[in-house]
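Structure assessment
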Amino acid sequence: MFRLALELKLEKIVLGNLPFLGISYQGRERDEEYRRRFLDKSEMKKVMRVALNYGVRFFSASSHRFNDLSPLYLEAVKEIEDEEETDIQLIACISIPLELGGARVNDFKRWKTQLLYETEMFGDNVVEKALNDPILNCRPGWREGLQAAKPYSTRQLQRGLEIDWRAWENSIDMLSEWRIAWIEPGSETDFLALARIDLLGEAIDRTREAGYRCLLGSHHLGATAPLLREAEIRGFDGYVTPINKLGVMMFPTQRIVEKTVGDARRRGDLVIAIKPLAGGRIKPKDALTYVFKKVKVDACMIGVASTKEAEEDFEAAKGIFRDEDQTVKSGIKS
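Worth saying up front: this structure is predicted, and the values here are computed from it rather than measured.

Rules used in this analysis
Residues numbered from 1 in each chain as written. Predicted model: local features only at pLDDT ≥ 70, side-chain atom pairs only at ≥ 80, totals over all residues. Heavy atoms only, no water. Axes fitted to C-alpha atoms, helices over the stretch in contact; angles between N-to-C directions. Helix = DSSP H or I, 4+ residues; strand = E, 2+ residues; numbered from the N terminus. Parallel < 35°, antiparallel > 145°, perpendicular 65-115°, else oblique. Left-handed = near helix turned anticlockwise from the far one by under 90°. Contact = heavy atoms within 4.5 Å. Nonpolar A, V, L, I, M, F, W, Y, C, P; charged D, E, K, R; others polar. Pairing = 2+ DSSP bridges. Core = buried A, V, L, I, M, F, W, Y, C linked by side-chain atoms within 4.5 Å. Buried < 20%, exposed > 50% of the residue type's maximum accessible area, 1.4 Å probe, protein only.

1. Some points on the packing of helix α10 (residues 188-195) against helix α12 (residues 221-231)
The contact between α10 and α12 brings their axes to 9 Å, and the two run at 50 degrees. Taken together, the axes of α10 and α12 are oblique relative to one another. For α10 against α12, the interelement crossing comes out left-handed. Contact residues: α10 offers Thr189, Asp190, Ala193 and Leu194, while α12 offers Thr224, Leu227 and Leu228. Of the residues in the contact of α10 with α12, the class split is four nonpolar, two polar and one charged.

Following this line, the structure appears as structure tokens:
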């Protein structure tokens, strides 16, 4: 863990993958634009080359099952490694396949359960914050679905919540041909920390037994990290979590997440920011100044949908690191 963690802390930037998979956080029309563009694998590789030219060697990835563009993206990573004669380390997110009574867990009910818990624990109307979140509102039927959803009961979750281990392990096995720096169990982590923390501990253990380091994806870091500390869950190296100047998808509140990040880093946990530009709603320099100078994360995932965006974002990062008068190696070349 220590060598890779040091490399990541020095390089600071991870190339995000969701734009390559047709996800913009700006609405269905923009999603479709990205999707059409990146059905051509060569378009993915054009953007990847810009990242490599700036010294970025950590890329994010999703499991093969995420959507039909995910296998194409993974192929592009392997090809660009060969063409550029370089090694790319992947931080690979795998959604945790949750089942309740043999059926897939309903995402709206999962979110409602989580948000009501946070409202009770932290005093703010976290449900209202989620209803108005601009990124969450890019999900089809978000407001209507969340408002109508009824939370799961504690009894339901304790008696029936399970992980489809066969699907989980299959997703991990399919990544064996790539250089995997960390497996990232996805944001279902939050729900398991609340509902069945024993299952989350088992997911971490199984990931490590498969030979991989583990980071936890969290959209509710301010609520999840204390639950993990209280239960003394170990075996993971840190968190991948939304952090941005607008507080978008920072639950239960932006202030609590900022404090939680500081506490986590003081304990030696890695913290990697995602959604730093809030889906293109913040200018790159402002976004990265907040992430690196105010919150002081270890690294940041930046998703870009064109070579122009890549150059703009990586130049902004380079300027921030240059201003810090770094005397150590930075992946963003000066």
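2. Topic: the environment of Ser95
Within the secondary structure layout, Ser95 lies in the loop between β3 (89-94) and β4 (98-100). Between the C-alpha atom of Ser95 and that of Glu311, which follows or precedes it by 216 residues, the distance is 30 Å. Ignoring anything within four residues of it in the chain, the contact list for Ser95 reads Trp168, Gly186 and Glu188.

3. Notes on the sheet that holds β4
Spatially, the three strands line up as an open sheet ordered β5-β4-β6, and their pairing is antiparallel. Two strands close off the open sheet at either side, each with one partner strand: β5 (103-104) and β6 (161-163). Pairing of β4 with β6, which is carried by three bridges, proceeds in the antiparallel orientation. Looking at the pairing, Leu98 lines up with Ile163 of β6.

4. Some thoughts on the nonpolar core
In this structure, Ile13, Phe59, Tyr73 and Ile243 are the most contacted members of the largest nonpolar core, which totals 86 residues. Setting aside chain neighbours within four positions, we find Ile243 in contact with Met250, Val261, Val271, Ala273, Ile274, Lys275, Pro276, Tyr290, Val291, Val295 and Val297. Grouped together as the second largest cluster of nonpolar side chains are 17 residues, Trp111, Leu115, Leu131 and Ile282 included.

5. Considering the sheet that holds strand β11 (residues 299-302)
Across the sheet, eight strands lie side by side as β7-β3-β2-β1-β11-β10-β9-β8; this open sheet has parallel pairing. Where the open sheet ends on each side, the last strands, each with one partner, are β7 (180-185) and β8 (216-217). Inspection of the sheet shows strand β1 (residues 13-15) paired to strand β2 (residues 58-62) by two bridges, in the parallel sense. Bridge pairing in β2 places Val14 opposite Phe58. Helix-sheet contacts for helix α14 (residues 284-295) involve β1, β10 (270-274) and β11, and the interaxial angle to β11 is about 155 degrees.

Fair warning: the whole summary comes from geometry, so function is off the table for now.
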